[in-house]
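# Structural overview for review
Spelled out from the first residue to the last, the chains are:
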Amino acid sequence: MFNSISDYFSQVGERLDWNGELVQCVVFPKLFGTAYTDLGFAAACKDPALSNTLFGALGNTLIAVFLGYGIAMIVGLMFAVGQRTKSKIFNRIVREFVEFIRSTPLVVQIFFVFFVGPQFGITLSPWVAGMTAIGLHYAAYLSEVYRGALNAVPAGQAEACIALNLSARRSFFGIILPQALPFALPGMGNYLIGIFKDTPMLMVIGVAEMMHVATAIGSEYWRYTEVMTIVGLIFLALSLPTAALLRLLESFVRWKLGMTR
Amino acid sequence: MGAIVSLYESVQSAIKVLLAGMLGGVEVAGRIDSYPEFLAKFGDRLVDGTFMTLEQSLLAILVAVVMATAFGIGRVSNSMLIRAISTTYIEFFRGTSLIVQLFWIFYVLPFFGLVLEPYPAGFVAVGLNLGAYGAEVVRGAIQAVPRGQYEAAYALNMSPRLRMRRIIFPQAIVIMLPAWGNLLIELLKGTALVGLISVTDLMFQSRQIYSLSYAAIETFGTVLIIYYLIARLVITPSMRLLESRLSKNLKRS
């Protein structure tokens, strides 16, 4: 599959331009790593040089998505629980912090995390800084989703836990959280796609994800047309089916838990 | 128009003068040691950047509202062609990321003979992107107008167009306003990306200031706070005001 796609693009690139003029094929091999096609996909993956191609960078993008989303899921839960504590002042502080993160741009936050560290003698690599920033940003979003979902669980459930003398931890993780999950799923799915679409912002601090490599390829040959178009198509090709899949998953969970609309 | 532009420019310079007056006693040496010094040296750039961000946001809001209205109504059209076009627009702009769209408009459209300066390319890209999200909001609001309103308009023999203009859309506006509040904050955040195609907005200025001063926490901290204040003190209250104004006439139990 990989071989045929890359071969296809390299041939098209060699023959004609979108204006119908003959051009040298300089862009397309770079995108999919045609040089490796004889060795096969597995060999190509092992070669570090592949990360200079768009196809290798797609892997980096996906790694960034899953790392960032993992951080966001855990920290987001902390933010959500932090707004339900007994101390009103603490709840208020967490709430304002979440609001602050939610209403400021992610790019500036990435810059902030990346550049503020060195001022205090802590140097973060682009990956660490980028994952921290994107994870925190989406944690703020996910905490809103969790908060809504936790509030949607009937109050009687928490009261029943108290009546049964369950510990706070057991009632939260055993009773409340599992019931909140179906309410949280649609929002969580949306933000998974959201984080995927926001990973290009990591290019500003030099994380080699798709858009970073695409602009590098573009500026190397001073031709952005193909690269940008293909990056756009890759985004579409991944995000639209994922959205459809998530909707399926959502209805499956609802059905499995016996919830009907 | 000229009067508005000159008023706008004088407000901008008045703020700079005010800032300079407040920091009058601060002397700026080569190295920056304190926050007042930082402001005295880079305050002008921050003010310029803030106004550029506001301009871009305002123009992007115009584009977004027009696109959202057109394609949101198109999404519930009876014509399959119009529905298909609207769905394509919405799915395309919601399915790819804003940076890709921005770069595509800036770098690829010249290939097809349409050269845009960074300034229009910036707000057009942000407006088109958020317009797609807005179109879904508009569609949802139109579908949330009670069924009886459609039937009543039908009973009064209104044409579909008149029904939409006089009965459905005015009620849909009230329903969609809270969602637009969130969307406008997203739009403001989206305009931070136009700095990447060298529009001199707040984000662009922050990068410049950082490369001149290496004062990261002052630079990016100030910029984050400015964005937060725009969102919380300009966008949210004005949406609240609009909401209370518009829903006053629509009393529904």
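Rules and cut-offs
- Residues numbered from 1 in each chain as written.
- Chains lettered and ligands numbered in written order.
- Predicted model: local features only at pLDDT ≥ 70, side-chain atom pairs only at ≥ 80, totals over all residues.
- Helix = DSSP H or I, 4+ residues; strand = E, 2+ residues; numbered from the N terminus.
- Buried ≥ 20, exposed ≤ 12 C-beta atoms within 10 Å, placed from the backbone.
- Contact = placed C-beta atoms within 7 Å.
- Nonpolar A, V, L, I, M, F, W, Y, C, P; charged D, E, K, R; others polar.
- Core = buried A, V, L, I, M, F, W, Y, C linked by C-beta atoms within 7 Å.
- pLDDT = per-residue confidence, 0-100.
- Axes fitted to C-alpha atoms, helices over the stretch in contact; angles between N-to-C directions.
- Parallel < 35°, antiparallel > 145°, perpendicular 65-115°, else oblique.
- Left-handed = near helix turned anticlockwise from the far one by under 90°.
- Expected span 1.5 Å × (residues − 1).
- Arc of directions from axis to C-beta.

What chain A contains, in helices and strands, is eleven helices and zero strands. In chain A, the succession of α and β elements from N to C terminus is α-α-α-α-α-α-α-α-α-α-α. Within chain A, buried positions represent 39% of all 261 residues. Of all intrachain contacts in chain A linking residues separated by at least 6 positions in sequence, the fraction that spans at least 24 positions is 66%.

A separate point is the overall build of chain B. The secondary structure content of chain B amounts to nine helices and zero strands. Overall, chain B shows an N-to-C arrangement of helices and strands of α-α-α-α-α-α-α-α-α. Principal-axis analysis of the C-alpha atoms places the extent of chain B at approximately 75 × 50 × 35 Å. When the 253 residues of chain B are sorted by exposure, 37% land in the buried category. When contacts within chain B are restricted to residue pairs at least 6 apart in sequence, those whose partners lie at least 24 apart make up 75%.

Across the boundary between the two partners, chain B contributes 29 residues, which contact 28 residues of chain A. Of all the elements in the fold, those that place two or more residues in the side of chain B that touches chain A are helix H3 (80–95), helix H4 (98–108), helix H7 (160–190), helix H8 (202–213) and helix H9 (216–247) of chain B. Considering every element that reaches the side of chain B that touches chain A, the biggest residue donor is H9 of chain B, with ten residues. By residue class, the composition of the side of chain B that touches chain A is 21 nonpolar, five polar and three charged.

On to helix H6 (residues 147–155) of chain B. Judged by how many residues are buried, H6 of chain B sits mostly at the surface: zero of nine residues are covered. A positive backbone phi angle near 65° is found at Asn157 of chain B, which sits one or two residues after H6 of chain B.

Next up on the list: the nonpolar core. Of all hydrophobic cores here, the largest spans 127 residues; its most connected members are Val107, Val108, Ile110 and Val231 of chain A together with Leu102 of chain B. A per-element tally of this core places helix H7 (residues 126–152) of chain A first, with 14 residues.

Bringing unusual backbone geometry into the picture now. Positive phi outside glycine occurs at Asn165 of chain A, with the angle close to 60°. Mapping Asn165 of chain A onto the fold places it in the loop between helix H8 (155–163) and helix H9 (168–198). If you check the backbone angles, Asn157 of chain B has positive phi at about 65° while not being a glycine. Here Asn157 of chain B shows up in the loop between H6 and H7.

Residue and element names in this part refer to chain B. One can find Arg139 in helix H5 (residues 118–144). Given 21 C-beta atoms within a 10 Å radius, Arg139 is considered buried. For Arg139 and Ile73, which are 66 residues apart along the polypeptide, the C-alpha to C-alpha distance reads 6.4 Å.

In this section: the confidence of the model for chain A. Residues and elements named next belong to chain A. Chain-level statistics for chain A give a pLDDT mean of 79 and a share of 79% at 70 or above. Put simply, helix H1 (residues 2–15) is where chain A has its lowest mean pLDDT, 40, and helix H5 (residues 88–102) is where it has its highest, 94. Low pLDDT, under 50, characterises residues 1–30; the stretch is placed with 34 contacts to residues that sit more than four places away or in other chains. This stretch, residues 32–51, has a pLDDT under 50; its non-local contacts, to residues over four places away or in other chains, come to 32 contacts.

Moving on to the packing of helix H4 (residues 54–82) of chain A against H7 of chain A. When two helices pack together, their arrangement is captured by the angle between the axes and the distance separating the axes. Residue and element names in this part refer to chain A. Where H4 contacts H7, the two axes come as close as 6 Å, and the packing angle between them is 50°. Judged by the angle between their axes, H4 and H7 are oblique. Crossing of H4 against H7: the hand is right-handed. A per-class count over the contact of H4 with H7 returns 19 nonpolar, five polar and one charged.

Turning next to the packing of H6 of chain B against H7 of chain B. All names here are of chain B. Relative to each other, H6 and H7 sit at 165°, their axes nearing to 10 Å. With respect to each other, H6 and H7 are oriented roughly antiparallel. Here H6 and H7 pass one another in a crossing that is right-handed. Across from Gln149, Tyr150 and Ala153 in H6, the residues of H7 making contact are Arg163, Ile167, Ile168 and Gln171.

Next up on the list: the environment of Lys248 of chain B. For Lys248 of chain B, the location among the structural elements is in the segment after H9. For the pair Lys248 of chain B and Val174 of chain B, spaced 74 residues apart in sequence, the C-alpha separation works out to 9.8 Å.

In this section: the confidence of the model for chain B. A residue-level look at chain B finds 96% of positions with pLDDT of 70 or above and a mean pLDDT of 89. As scored by the predictor, the complex reaches a pTM of 0.84 and an ipTM of 0.88.

Right, let's get into H5 of chain A. All names here are of chain A. With 15 residues, H5 ought to run about 21 Å at 1.5 Å a step, and its terminal C-alpha atoms sit 21 Å apart, in line with that. Those residues of H5 lying buried are Val94, Val98 and Ile101. Each buried residue of H5 sits inside an arc of 65° when the element is viewed along its axis, so together they form one side. Exposed residues on H5 whose side chains face more than 90 degrees from its buried face are Lys88, Ile89, Arg92 and Glu96.

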